Amino acid sequence: VDLSVDLQLCRNEHELAVAYWYRDFLISSLLTQHNTMRRAKIAIKQAEQLQLQHQNHSSNSKPQKGGKKKGKNKKLTSNGAAPNQNTNNSTPTPEDEEDDFEFLLLNVKRGLCRGLVRFFAALKQAGLVQENEYEFTSNQRIFEKRYEPFAAIQQPPPLSYDDYLKGSDFSKVPQKDLLASTSECFNVSKSMIEKLLAQIPTTDPSYLPIQEDELRQLAKVCVGNSIYLQKLKQIIGEGTTKASVSIDVNTNKQFCTIKIG
């Protein structure tokens, strides 16, 4: 799906909306697996830490052989370890930081997908874009052929064109609510990008799943779409449908900026 957008195989607003909608589903499935793995890792670390604390407690509670001990017994900390003994196993490793970084990055990309799907729906609701009609094919046929390879994968299950129609139907959503939801997607994604940018200086470059330049590109996509979303609100307020819509992929090839002229 990423490659179809990157290579500009999606030639119009409808095809891009479908691609971002499907990518949202795939990223959500990946986040579910990511969450499962994160919980498993946390459970393993907690079990290891409890085992270490138990071993430390057992070793410190054993009676010493021989004569009377000199000095006072060493006091134990609340976790059963000697004060100078390091039992903190919760320090994040570079791999942990990489997982956390990637988890937040996936949320950024999902937020951008959702924002763009809603932006296209808002344009359609405002009457600025229309679905393409074909003489020798149809939107459903294009969908089926383009996403046919996913039928060979059991998890996540492949989606149908009917799934898309149901999942992307915003016709019953009030226009004001749809615009607000779209704006929130871009704003939340932008705030998460700022958190990621703040983490880059303290993260080992070899563990970064994305370069700083590309992150800044995604931030520009958020800002650009937010600006043109405000322009869409003005057009709706004026009650006109004469504005032109264009797709810009110069800032980032995977996530477009929807421009309104």
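Residues numbered from 1 in each chain as written. Predicted model: local features only at pLDDT ≥ 70, side-chain atom pairs only at ≥ 80, totals over all residues. Heavy atoms only, no water.

**A closer look at the pattern of salt bridges**
- This structure, assessed with the given rule, holds seven salt bridges.
- A salt bridge links Glu15 to Arg146, with the nearest nitrogen and oxygen atoms 3.2 Å apart. Residue Glu15 is located in helix 2 (residues 13-61), and its partner Arg146 is located in helix 4 (residues 139-146); the two are separated by 131 residues in the primary sequence.
- In this structure Glu15 comes out as buried when scored by relative accessible area, which is 10%.
- Note on Arg146: relative accessible area 28%, which makes it partly exposed.
- Across the salt bridge formed by Glu212 and Arg216, the nearest N and O atoms sit 2.8 Å from each other. Residue Glu212 and its partner Arg216 are both found in helix 7 (residues 212-238); the two are separated by four residues, about one turn of the helix.
- Arg216 gets classed as partly exposed once you look at its relative accessible area, which sits at 42%. (Salt bridge = Lys/Arg side-chain N within 4 Å of Asp/Glu carboxyl O. Helix = DSSP H or I, 4+ residues; strand = E, 2+ residues; numbered from the N terminus. Buried < 20%, exposed > 50% of the residue type's maximum accessible area, 1.4 Å probe, protein only.)

**Section: the side chain of Asn139**
- Relative to the helices and strands, Asn139 resides in helix 4.
- You can call Asn139 buried: its relative accessible area is 10%.
- For Asn139, the contacting residues outside a window of four places in its chain are His14, Glu131, Asn132, Tyr134 and Tyr161. (Contact = heavy atoms within 4.5 Å.)

**Some remarks on the confidence of the model for the chain**
- When pLDDT is averaged across the chain, the result is 85; 87% of the residues are at 70 or more.
- Here helix 1 (residues 2-6) stands out as the element of the chain with the lowest mean pLDDT, 70, in contrast to helix 6 (residues 175-199), whose mean of 97 is the highest. (pLDDT = per-residue confidence, 0-100.)

**Notes on the packing of aromatic side chains**
- Summed over all chains, the structure comprises 13 aromatic pairs.
- Consider the rings of Tyr22 and Phe150, whose centres lie 5.0 Å apart with planes at 20°: the pair is stacked. Within this pair, whereas Tyr22 is found in helix 2, its partner Phe150 is found in the loop between helix 4 and helix 5 (161-167), the two being separated by 128 residues in sequence.
- Using a relative accessible area of 0% as the deciding quantity, one classes Tyr22 as buried. (Phe/Tyr/Trp six-rings, centres within 6.5 Å; stacked < 30°, edge-to-face > 60°.)

**A look at the nonpolar core**
- Ranked by size, the top nonpolar core spans 60 residues in total, and within it Tyr20, Leu123, Leu215 and Leu232 carry the most contacts.
- When contributions to this core are tallied by element, the ones reaching two or more residues are helix 2, helix 3 (94-125), helix 5, helix 6, helix 7 and strand 2 (257-260).
- Of all the elements, helix 3 adds the most residues to this core, at 15 residues. (Core = buried A, V, L, I, M, F, W, Y, C linked by side-chain atoms within 4.5 Å.)

**Digging into helix 7**
- The end-to-end C-alpha distance of helix 7, which contains 27 residues, comes to 40 Å, matching closely the 39 Å that a straight helix rising 1.5 Å per residue would cover.
- All of the buried residues in helix 7 are Leu215, Leu218, Ala219, Val221, Cys222, Gly224, Asn225, Ser226, Leu229, Leu232 and Ile235.
- Along its buried surface, helix 7 packs onto helix 3, helix 6 and strand 2.
- Positive phi appears at Gly239, one or two residues downstream of helix 7, with a value of about 75°. (Expected span 1.5 Å × (residues − 1).)

**Points about the environment of Gly239**
- By secondary structure assignment, the location of Gly239 is in the loop between helix 7 and strand 1 (245-248).
- For Gly239, a relative accessible area of 64% puts it in the exposed group.

**Section: the environment of Ile210**
- Looking at the element boundaries, Ile210 is found in the loop between helix 6 and helix 7.
- Among the residues examined, Ile210 registers a relative accessible area of 3% and is labelled buried.
- When the C-alpha positions of Ile210 and Phe101 are compared, they lie 9.3 Å apart, and in sequence the two are 109 residues distant.
- If we ignore the near neighbours within four places in the chain, the residues touching Ile210 are Phe101, Leu105, Leu215 and Leu218.

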